[in-house]
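Below, each chain spelled out in residue letters.
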Amino acid sequence: MNTYVIANWKSNKTVSDARAWFQNFAEHFSKTSLDGKQLVLCPSFTTLQFCHDTIAANDFPIKLGVQDISPFKDGSYTGAVAANQIREFAHYVIIGHSERRQNFSETDEQIKEKMHRAKEAELITILCVQSDTTPIPAESDIIAYEPVEAIGTGNPDSAENTQKMLSTLKSKYPNKQYIYGGSINKDTVKEFLQIDVVDGFLVGSASLDATMFVNLLSQW
Ligand code: PGA
């Protein structure tokens, strides 16, 4: 099975930053360190087309995802980006990240709607859950366990706790894939690689610098 490595750039990078990232990535990555890994890059909407065209032109082994999706179909919803618009460029979508729940007051009800829209457009859905009580809509394909206190702090959750959490979720929803997110980098990843329920990682800060990101990918 592939290990997912999902890079979430969050609200970072202009097109020229993204160009520099790909140049750096091209210089450092090796096909062998990517063996068995499915890389998914989730940039902002403003750089999505640029990333799409760059990946295609260079044949980089990277799929694209987005960080959010409209809960509505296309139409009169100012500021929202609908599933069919995303589908032109990307195959994956992150839904319910804790930063959206906290900063944009996103509710479980809206998350359910976003899931429906994503599936109508045949996107692969990555649902972020913060605990084993977070509701999990049936359409979620990949479940990302991302404890809030581990995000961007340099302090990941313990491997033991992650194993417990993911095993509990897996016993309730066996046919999904499970990844961990929260302060993953080339050093912290090692402990998590020992956990057999972890099918990959959601990586924020350590994906912003291509050299750091490639270093992380070379750890297994
Ligand atoms: P981080 O972000 O890697 O910067 O901690 C992870 C996440 O947002 O899930």
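Anyway, here's the lowdown on the structure attached to this text. Computed from a predicted structure; not experimentally measured.

**Comments concerning the packing of aromatic side chains**
A full pass over the atoms with the stated rule returns 15 aromatic pairs. Seen in terms of ring centroids, Y4 and Y92 are 6.2 Å apart; in terms of plane orientation they differ by 70°. Their pairing is edge-to-face. Separated by 88 residues along the polypeptide, Y4 in strand β1 (residues 3-8) and Y92 in strand β4 (residues 92-95) bring together distant segments of the chain. Relative accessible area serves as the criterion here: at 11%, Y4 is assigned to the buried category. Its relative accessible area of 4% is what places Y92 among the buried residues. Pairwise contacts between aromatic rings join W9, W21, F22, F25, F29, F50, F60 and F213 into one cluster. The cationic tip of K37 hangs over the ring face of W220; the distance from NZ or CZ to the ring centre is 4.7 Å. Over the ring of F104 we find R100, and its NZ or CZ is 4.1 Å from the ring centre.

**With respect to the packing of helix α1 (residues 15-28) against helix α8 (residues 210-217)**
For the pair α1 and α8, interaxial distance at closest approach is 8 Å and the crossing angle is 40°. The handedness of the crossing between α1 and α8 comes out as right-handed. Contacts between α1 and α8 involve W21, N24, F25 and H28 from the former and A210, T211, F213 and V214 from the latter. Classifying every residue of the contact of α1 with α8 gives five nonpolar, three polar and no charged.

**Describing the site of the ligand**
Residues in close proximity to the ligand include K10, H97, E146, A150, I151, G152, G182, S183, L202, V203, G204 and S205, which together make up its full environment. Contacts to the ligand include K10, whose side-chain N or O atom sits 2.7 Å from an oxygen atom. At a separation of 2.7 Å, an oxygen atom of the ligand approaches a polar backbone atom of S183. Compared with its free state, where it exposes 280 Å², the ligand has 98% of that area covered by protein.

**Topic: the pairing of strand β5 (residues 124-129)**
Counted residue by residue, β5 has five buried out of six residues, so it is predominantly covered. As defined by bridge partners, β4 adjoins β5 across four bridges and the pair is classed as parallel. Across the sheet, the residue bridging to V93 is T125, located in β5. In the sheet, β5 pairs with strand β6 (residues 142-145) via four bridges, with the strands oriented parallel. Each residue of the ladder has a partner; that of C128, found in β6, is A144.

**Some thoughts on the packing of α1 against helix α2 (residues 45-58)**
Following both chains from N to C, one finds α1 and α2 inclined at 30°, their axes separated by 10 Å at the closest point. Taken as axis vectors, α1 and α2 run roughly parallel relative to one another. With respect to the hand of their crossing, α1 and α2 are arranged in right-handed fashion. On the side of α1, the interface is formed by V15, A18, R19 and F22, while α2 contributes T46, T47, F50, C51, T54 and I55. Across the contact of α1 with α2, the residue classes tally to six nonpolar, three polar and one charged.

Reading the values: rules and limits
- Residues numbered from 1 in each chain as written.
- Predicted model: local features only at pLDDT ≥ 70, side-chain atom pairs only at ≥ 80, totals over all residues.
- Heavy atoms only, no water.
- Phe/Tyr/Trp six-rings, centres within 6.5 Å; stacked < 30°, edge-to-face > 60°.
- Helix = DSSP H or I, 4+ residues; strand = E, 2+ residues; numbered from the N terminus.
- Buried < 20%, exposed > 50% of the residue type's maximum accessible area, 1.4 Å probe, protein only.
- Lys NZ or Arg CZ within 6 Å of the ring centre and 35° of its normal.
- Axes fitted to C-alpha atoms, helices over the stretch in contact; angles between N-to-C directions.
- Left-handed = near helix turned anticlockwise from the far one by under 90°.
- Contact = heavy atoms within 4.5 Å.
- Nonpolar A, V, L, I, M, F, W, Y, C, P; charged D, E, K, R; others polar.
- Near = heavy atom within 4 Å.
- Polar contact = N/O pair within 3.5 Å; in protein donor to acceptor, adjacent residues only side chain to side chain.
- Areas by Shrake-Rupley, 256 points an atom, 1.4 Å probe, with all protein chains shown as cover.
- Pairing = 2+ DSSP bridges.
- Parallel < 35°, antiparallel > 145°, perpendicular 65-115°, else oblique.

Any functional reading would require information that these geometric values do not contain.
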